[in-house]
Each structure stands twice: as structure tokens, then as C-alpha cells.
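Working through the structure, step by step
Now for the letters of each chain:
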Amino acid sequence: MDAVDAAFDPWSPEFVADPYPAYAELRATGRAHWFAPTRQWLIPHYEDVSALLRDRRLGRTYTHRFTHEEFGQEPPAAAYEPFHTLNDHGLLDLEAADHARIRRLVSKAFTPRTVENLAPTVRRLAAGLVGDLVSAGGGDLQAVVAEPLPVAVIAEMLGVPEEDEERGRLRPWSAAICGMFELNPSEATARRAVEASIEFSDYLRELIARRRGEPGNDLISSLIAVEELTEQEMISTCVLLLNAGHEATVNTAVNGWWTLLRQGVRPDPEKLSTAVEELLRYDTPLQMFERWVLDDIELDGVTLPRGSEVALLFGSANRDPARFGPTADTLDLTRADNPHVTFGAGIHYCLGAPLARLELTSLFEELLKQAPTLKLTSEPTRKPGYVIRGFEELLVEI
Ligand code: HEM
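Counting restarts for each chain: residues are numbered from 1 in the order of the written sequence. A pLDDT threshold of at least 70 governs which residues receive local features in this predicted model, and a stricter bar of 80 or more applies before side-chain atom pairs are shown or counted, although totals over entire chains, interfaces and linings include all residues. Calculation of side-chain values draws on the structure's entire complement of heavy atoms; hydrogens and water are dropped beforehand.

On to the packing of aromatic side chains, then. Any two rings among Phe, Tyr and Trp, with Trp reduced to its six-membered ring, count as a pair given centres within 6.5 Å; such a pair is stacked if its planes are under 30 degrees apart, edge-to-face if over 60, and tilted if neither. A full pass over the atoms with the stated rule returns 20 aromatic pairs. On the basis of an interplanar angle of 90 degrees and a centroid distance of 5.5 Å, the ring pair of Tyr 46 and Phe 324 is categorised as edge-to-face. Note that Tyr 46 is positioned in helix α4 (residues 46-53) and Phe 324 in helix α17 (residues 321-324), a separation of 278 residues in sequence. Feature note: the residues Phe 8, Trp 11, Phe 15, Tyr 20, Tyr 23, Phe 35 and Tyr 386 constitute an aromatic cluster, connected by ring pairs. Numbering of helices and strands starts at the N terminus; helices are DSSP runs of H or I of at least 4 residues and strands are runs of E of at least 2.

Of all protein atoms, just one serves as a donor to the iron atom of the ligand, and that atom is Cys 350 (SG), at 2.3 Å. On the secondary structure map, Cys 350 appears in the loop between α17 and α18 (353-370). For Na, K and Ca the donor cut-off is 3.2 Å; for every other metal, N, O and S atoms count as donors within 2.8 Å. Water does not enter the count, which can leave sites looking incomplete.

For this description, a residue counts as near a given molecule or strand if any of its non-hydrogen atoms is within 4 Å of it. Not every one of the 29 residues close to the ligand is listed here, only the nearest: Arg 60, Arg 103, Arg 291, His 348 and Cys 350. Polar contact is defined as a pair of N or O atoms within 3.5 Å, subject to the rule that within protein one atom must be able to donate a hydrogen and the other to accept it, and that residues adjacent in sequence are counted only when both atoms are side-chain atoms. A distance of 2.7 Å separates an oxygen atom of the ligand from a polar atom in the side chain of Arg 60. Three categories are distinguished: nonpolar for Ala, Val, Leu, Ile, Met, Phe, Trp, Tyr, Cys and Pro, charged for Asp, Glu, Lys and Arg, and polar for the others, with Gly belonging to the last. Taken together, the residues of the shell around the ligand break down into 18 nonpolar, 8 polar and 3 charged.

We now examine the sheet that holds strand β4 (residues 138-140). The 3 strands are arranged β4-β10-β9 in an open sheet whose pairing can be described as antiparallel. Of all the strands in the sheet, the pair left with one neighbour each is β4 and β9 (375-376). Note on pairing: two strands pair once DSSP finds at least 2 bridges between them.

What follows covers the environment of Pro 354. Along the chain, Pro 354 falls in helix α18. Each residue is placed in one exposure class: buried if its accessible area under a 1.4 Å probe, protein chains only, is under 20% of its type's maximum, exposed if it is over 50%, and partly exposed if it falls in between. Among the residues examined, Pro 354 registers a relative accessible area of 27% and is labelled partly exposed. The sequence separation of Pro 354 and Arg 113 amounts to 241 residues, and the corresponding C-alpha distance is 9.4 Å. Contact between two residues is taken to exist if any of their heavy atoms lie within 4.5 Å; hydrogens are not considered. The residues touching Pro 354, leaving out its near neighbours within four places in the chain, are Phe 110 and Val 115.

On the basis of which strands lie adjacent, the open sheet formed by 5 strands has the order β1-β2-β8-β5-β3 and mixed pairing. Pairing within the sheet leaves two strands with one partner each, and these edge strands are β1 (33-35) and β3 (58-59). Pairing of β3 with strand β5 (residues 288-293), which is carried by 2 bridges, proceeds in the antiparallel orientation. Pairing of Gly 59 across the sheet is with Trp 292, part of β5. Packing of α4 onto the sheet brings it into contact with β2 (40-43), β3, β5 and β8 (309-313), and relative to β8 it is tilted by some 125 degrees. In this description, a line fitted to the C-alpha atoms serves as the axis of each element, helices being fitted only across the stretch in contact, and the angle between N-to-C directions of two axes falls anywhere from 0 to 180 degrees.

With that out of the way, let us pick up the environment of Pro 21. Tracing the backbone through its elements, the reader meets Pro 21 in helix α3 (residues 20-29). Each C-alpha atom of the pair Pro 21 and Phe 8 lies 9.7 Å from the other, and the pair is 13 residues apart in sequence.

A few words now on the state of the cysteines. Put simply, a disulfide is two cysteine sulfurs that come within 2.5 Å. Applying the stated criterion across every chain yields a total of 0 disulfides. With no disulfide of its own, Cys 178 has Cys 350 as its nearest cysteine by sulfur position, at a separation of 13 Å. Using a relative accessible area of 10% as the deciding quantity, one classes Cys 178 as buried. Sulfur of Cys 238: no disulfide; nearest cysteine sulfur belongs to Cys 178 and is 16 Å away.

Relative to the helices and strands, Arg 101 resides in helix α6 (residues 96-107). Reaching out from Arg 101, the side chain makes a polar contact with the side chain of Asp 98 at a distance of 3.0 Å. A polar contact is formed between the side chain of Arg 101 and the side chain of Glu 233, at a distance of 2.8 Å. Arg 101 has contacts with Glu 228, Leu 229 and Glu 233, leaving out every residue within four places of it along the chain.

A word on the packing of helix α14 (residues 247-263) against α18. Two elements in contact, α14 and α18, have axes separated by 10 Å at closest approach and are oriented at 35 degrees. Here α14 and α18 pass one another in a crossing that is right-handed. Counted together, Thr 249, Thr 252, Ala 253, Gly 256, Trp 257 and Leu 260 of α14 and Ala 356, Glu 359, Leu 360, Leu 363, Phe 364, Leu 367 and Leu 368 of α18 form the full contact between these two elements. Partitioned by chemical class, the residues of the contact of α14 with α18 number 9 nonpolar, 3 polar and 1 charged. Left-handed describes a crossing whose near helix is turned anticlockwise from the far helix through less than a right angle; right-handed describes the clockwise counterpart.

What follows is about helix α13 (residues 231-244). Here α13 spans 20 Å end to end across 14 residues, near enough to the 20 Å set by a 1.5 Å rise per residue. Burial of α13 is extensive: 10 of the 14 residues sit out of reach of the surface. Of the positions making up α13, those classed as buried are Glu 233, Met 234, Ile 235, Ser 236, Thr 237, Cys 238, Val 239, Leu 241, Leu 242 and Asn 243. The span expected for a helix works out to 1.5 Å for each residue beyond the first.

This brings us to the pairing of β2. Here β2 shows two buried faces, one formed by Gln 40 and Leu 42 and the other by Trp 41 and Ile 43. When β1 meets β2, the two strands line up antiparallel, connected through 3 bridges. Each bridged residue has a counterpart across the sheet, and for His 33 the counterpart in β2 is Leu 42. Linking β1 back to β2 in an antiparallel pair, the connection comprises 4 residues, with Arg 39 at a positive phi of about 55 degrees.

Structure representation (C-alpha cells):
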């Protein structure tokens, strides 16, 4: 076993619980590490992650330029076709003209101004959910507060009716699909993702048909009205928005509160935005993002050849002392210079960043106000996932 395999073990619970010492080792020993188990180049430094996110020689897909054969890759297994059809037609997994066309349309719904207009609703929802936790004397902060807020907000924005029983399935569908973003997913994970992809797609196909007949004041209706998306692109982009619109926000809120409770610190309510940025940096909920190398890249004397894959280690980049100084591994809720990569960079930069920030500051503000004596009642159980990193629950008392 070489140094990389010894340090980087994304399937081990100990590594998932605290990947940061391993990242430090990777940063100390090179800029691009070949990781044989996933056949990827691991990139641990801030400067490289940040530059490669903006580098057009990389892509989330290669199919806009090459066939699978030309790129030296097997086509996706036929049994997993429903998952790939769904995933590959969404905004995040498109490149070039298709990406630009859909991003232009969808970004109209996520401008800072639109999000600002949502602020009173988000704050009211957050106040109500935290109120429920407080009146119960505590409970699972994740299930009672952190999950319902972003799920309700993104469902409302897209126009998923509250009375549709499928609203309750958004979270389990998303979890099943997100299993495929972990490294080397198992057959069982793939089967669950395929099943969820079929059910989720069927539901959205039916909802889109309903909105065609009865347009509302929601994103699905406006995407139908512009007539620039195929039905598959619409379904895939809506699933992406519904999943991306809550998954990482839930984990940031819960990872963040766990950090605060463990370290016995609280943000200054007057400087909440700065504190939320630091929690996003300190323990990013999305630890890595992958890219295909479309044209050879030289990095520190190593050639990353066309057809290979890089794994950009966001969690490591955010703790790199070369960018964040000697306190990179310290939680500093007043950190002023904080250009973390948690929301990515370049053409796929997170469309939902203003919304996520609004939801997080609203939740943190209400918890600080209504539950100033919040305590952990037990150590939470981690979910096994490394790429999307979070807890099963966060049990607290008031
Ligand atoms: C703390 C919460 C969030 C985090 C950490 C996060 C992080 C990210 C990252 C890192 C990317 C880029 C991935 C890449 O470059 O490969 C991304 C893309 C995206 N995010 Fe978020 N996100 C969050 C919340 C949201 C929310 C609330 C939405 C709401 C709709 C959202 C929608 C999207 C979309 C649509 C994309 C794809 C953009 C594109 O490909 O052009 N995200 N997010």
C-alpha cells in the first residue's frame, strides 16, 4: 500500500468521521495523487482545486465532445439506464451550449433579488420549525428543523403542491439518487437509485403535464412557457433542483450545529453571515467533486491525460494553510478573508448559493434566539457517505 492509499480511505468510518489529517498528508506529499481504487487523480490544494474548477479543459461530462469509445470509457450499464438518463440531462451534468441555455433560464429564478423577496417567508418558516423543537423541549434537530425548511422552500419554488403525497418522498428519493455520487457505489445502491429515478421521473412527468394545463406562479410553469427545454431536460433539471435544493443545506446546518455544540461556541447574532461562511468552509458538506479531463493537463510535472478523471477535494482545499493561513484547521467564526470553494467555481458555480445562505442564516438566527441553551443529548451517528457527508440525526435538548 502506498502513501496515498494509506491516507485516503473514503470507505472507512474513521476517515469519514475526520478526513482532515489525511488531507494534510496528501497536501504535504504532492499536488496530484493517483488513487487506483477509483482510478482518479486526487487534487488536494486550494490553488489547484480553484483553478481546475474554472479550467475548460475539464468537464462534468465528455459526451458533448467524444463518444464513450473515443474517450476510452465503457458506456453506462443498460440496467442503470433510468438513473443515467435522469442524471445526464440535468443542468449540472451538461456542458457547453446545452448547459448555457438551461442555466440562463433557471438562473432567473435564483437571482439575489428573487431570493431576497423570499426572505420573509423563509424566516417565518424557520421561526415556526424552531418553535416546534422548543415546545417539544428538544428532539431531532435534523428531522424537525434542518430538513423541513429547505425541502418546503424548494418544493414551493418549483410548484410541488403541498397536498401531493409525493412531497414526503422528495427526501428519500433524493437520498437514493445521491447514493450514486459516492465512490464506487454498490449494486444495491445502484438498484435503489434506478428505482427512485423511475418513480421521481414519473411523478415529475405527471406534474409537468398538470402544469401545462393549469400554469401556476412557479418555476415548472415558467420553464414550460419558454419552450426551450425538452421534456427530459425539464424532468432532469427539476430533480436536480429538488435534490441540490435541500441535500447540502441540511448537512451544512447539522454539521455546523454539531461543530458549535462540540466546541462549545456560539456565533455572535450580529455577525451571523460571517459565521455561516466559516461553518461552510470548516466542514464542507460536499467533500469532493469530479471532472473528466478533456485535453491533457500538466500539473507539477504530472500529466493528467485526456480520458482520465480528477477528484477535486473541496474539504482539503478549504483547510489549506497556503490559502487560509496557520489557522486553517481552526474554527474562527469571525474569519473575514474566507474565499472557500464550498459552492464551487466557474460555470457550474452553485445556482442556489444565495438561497442556501438565506436558509442557513435564518435557521441559525432562530436557534440562537429561541434555543440559547441548546445541548446535545447523545453523540450523533454519521451516515456512511464520504462525498455527501452528514449525520443520521442530531438529538438535542433545549
Ligand atoms: C449549503 C448548501 C449548498 C452547497 C454546499 C452547494 C454546493 C454546490 C456545488 C459545489 C455546486 C457545483 C458542483 C460542481 O461544480 O461540480 C453546486 C451546483 C449547483 N447547485 Fe448547489 N449547493 C447548495 C445548495 C443549493 C441550493 C439551495 C440549490 C437550490 C436550487 C442549489 C442548486 C444548485 C444547482 C442547480 C447547481 C448546478 C449549477 C450548474 O451546473 O450550472 N444548491 N452546488
